Amino acid sequence: VEVNLFRAGKYKSAMEPWVRNDMSPEAKENNLLWIGNLWQQYLETISRHRGIPLEDLSRAVNQFADRIDQADGDFARFALEVGLVDRLVNRPEAHLELAQQGAAGDGTEVFRQVDYENYLNRTGLTKPAAAGKVVIVVAEGEIVRGVQPQGMIGAVTLSEELRSLAEDSEAMAIVLLIDSPGGDSFASEKIRREIQALREMGKTVVVSMGNVAASGGYWIAMAADEVWASPSSITGSIGVYGILPTFARPLEKLGIRSDGVGTTPLAGKLRLDRPLDPDLRRIFQHATERTYEDFIALVAESRRMETQDVLDVAEGQVWSGIQAKERGLIDRTGTLQEAVDAAARIAGLGQDYEAVYKEQELSPFESFLIEITGSAMVRLGLGTAGMPRLQGTLVENILEDLNLLMRSSQGLTVAAHCLCDVE
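As a starting point, this report considers the structure included with it. Starting from 1, residues in each chain are numbered consecutively following that chain's sequence as written. Residue-level local features of this predicted model are given only where pLDDT is at least 70; pairs of side-chain atoms are given and counted only at 80 or more, and the full residue set underlies all totals for whole chains, interfaces and linings. Only hydrogens and water are set aside; all other atoms, that is, all heavy atoms of the structure, feed into the side-chain values.

1. Things to note about the overall build of the chain
Rules: Note on conventions: DSSP H or I runs of at least 4 residues are helices, E runs of at least 2 residues are strands, and numbering of each starts at the N terminus. A simple rule labels every residue: compare its accessible area, found with a 1.4 Å probe on the protein chains alone, to the largest value its type can have, and call it buried under 20%, exposed over 50%, or partly exposed in between. To measure how exposed things are, a 1.4 Å probe is used in the Shrake-Rupley method; for residues, cover is taken only from the protein chains shown.
Looking only at helices and strands, one finds 17 helices and 14 strands in the chain. For the chain, the proportion of its 423 residues judged to be buried stands at 39%. Accessible area for the chain stands at about 24,800 Å²; split by element, carbon and sulfur atoms hold 53% of it.

Structure follows, in structure tokens:
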């Protein structure tokens with residue numbers, strides 16, 4: 001199979017596994033940069049909260065095998081010696097001590113709670129009226145065209161959700177929580193324009209980046225009043241690509257051929273059972289480069305940066321939240337709650353505001369499935385921790401990316417997508 005790859009940005013490595021047997025030097029350089037930054041944040045967080053000198057912690061990690069030898073293979077003892085834990089106790093001992101530190105009683109009581117609204121109603125107190133509402137909208141998954149279920153960001157689905165908020169007089173501010181590696185560039189632009197329309201109607205929009213808000217995920221963030229990210233969020237990856245596999249050679253081996261006539265030089269040239277036509281190759285590369293130029297111009301305008309400054313941090317380069325802040329790609333680093341507070345502040349809601357999640361409506365069948373599976377999990381004594389986690393392999397991720405591109409009926413989809421991920 002011949003893989004025809006078109007990309008703009010020398011660090012845009014999302015499709016490299018299709019055209020290389022190893023990582024490009026550019027991909028290694030950029031990946032090491034943001035991974036190294038996340039690792040340093042991790043070490044500094046442990047050092048600060050556990051009171052372990054940073055050099056001691058780094059030494060323990062770098063000499064891990066030797067330290068385990070010294071501890072006779074006892075990992076718990078190693079953790080205690082380094083200072084990662086305070087004490088070594090077994091589970092019954094921990095339960096007993098927690099019980100002793102809790103409320104007085106004979107130990108037979110079970111934890112009980114009451115919803116604060118029920119408490120206020122029963123005691124005759126009333127909940128203070130909110131000055132306005134901050135609506136949190138979750139955008140999680142691949143960005144694709146059309147109507148999509150939860151777990152995917154459908155351009156039509158999310159656009160309609162945002163449009164409904166424009167008509168909600170109580171929704172004074174919107175926080176868009178983005179957790180997406182990107183996807184279709186056309187779908188990303190459609191969503192961005194809906195966010196821009198919200199702002200033009202007087203609504204405040206703040207973006208809060210989750211684990212990943214890269215490529216198309218960063219694209220849609222550009223319409224917000226402010227962009228927030230966690231220090232360890234992965235963002236940037238400003239670059240685009242298109243990929244079109246053709247199958248002429250394997251079909252030729254099977255003796256399968258095609259022929260025909262057409263009225264123009266390009267007629268039939270998009271057939272995947274033929275080699276890619278040189279003219280089409282030029283057309284697709286131009287389309288990819290034009291989308292990249294639009295992306296660069298959008299970032300420059302939204303972030304109030306010079307074009308060359310954007311180009312210096314673009315080319316598909318990936319950044320951590322801290323690195324993105326240093327380079328002007330986001331406004332602030334902080335938590336989702338801090339982003340919500342910022343949205344309320346910008347909208348002039350003061351302290352007495354209500355924050356609510358806007359959830360995507362489920363179909364009757366989806367609601368039925370959730371109800372019966374939830375009941376079954378309760379009966380079996382399982383929570384979400386009792387469910388096996390399906391870990392996607394790199395190959396599975398790549399196949400998902402290819403499937404994303406091939407879903408388009410256009411023949412070639414120009415995508416703003418990043419293979420970067422954070423566990």
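2. Looking at the packing of aromatic side chains
Convention followed: Aromatic pairs are defined between Phe, Tyr and Trp rings, using the six-membered ring for Trp, whenever the two ring centres lie within 6.5 Å; interplanar angles under 30 degrees are classed as stacked, those over 60 as edge-to-face, and all others as tilted.
The tally for this structure, following the rule as stated, stands at five aromatic pairs. When the centroid spacing of 5.2 Å and the interplanar angle of 80° are considered together, the rings of Phe-64 and Phe-78 count as edge-to-face. Taken together, the residues Phe-64 in helix 4 (residues 64-70) and Phe-78 in helix 5 (residues 75-82) connect sequence positions 14 residues apart. With a relative accessible area of 37%, Phe-64 lands in the partly exposed category. Ring plane angle 35° and centroid distance 4.5 Å describe the contact between Trp-219 and Phe-295, whose orientation is recorded as tilted. Taken as a pair, Trp-219 in helix 10 (residues 216-221) and Phe-295 in helix 12 (residues 278-302) lie far apart in primary sequence, 76 residues in all. Both residues of the pair, Trp-219 and Phe-295, count as buried. Of the aromatic side chains, those joined through ring pairs into one cluster are Phe-64, Phe-75 and Phe-78.

3. Observations concerning the side chain of Ser-188
Put simply, the test is: Should any heavy atoms of two residues lie within 4.5 Å, those residues are considered in contact.
Structurally, Ser-188 is set in helix 9 (residues 185-200). Ignoring sequence-local partners within four residues, the contact set of Ser-188 consists of Ile-143, Gly-216, Trp-219 and Ile-220.

4. Some words on the nonpolar core
Keep this limit in mind: Nine residue types can take part in a nonpolar core, namely buried Ala, Val, Leu, Ile, Met, Phe, Trp, Tyr and Cys, and a core is a set of them joined through side-chain atoms within 4.5 Å.
Core analysis: the biggest nonpolar cluster contains 50 residues, and Ile-191, Met-209 and Leu-329 have the highest contact counts within it. Among the elements that take part in this core, helix 12 stands out by supplying six residues, more than any other. Look past the residues within four positions of Leu-329 in its chain and what remains in contact with it is Tyr-218, Met-222, Ile-238, Val-299, Arg-303, Met-305, Val-313, Trp-319 and Ala-324. In this structure, Val-175, Val-206, Ala-339 and Ala-344 belong to the second largest nonpolar core, which totals 13 residues.

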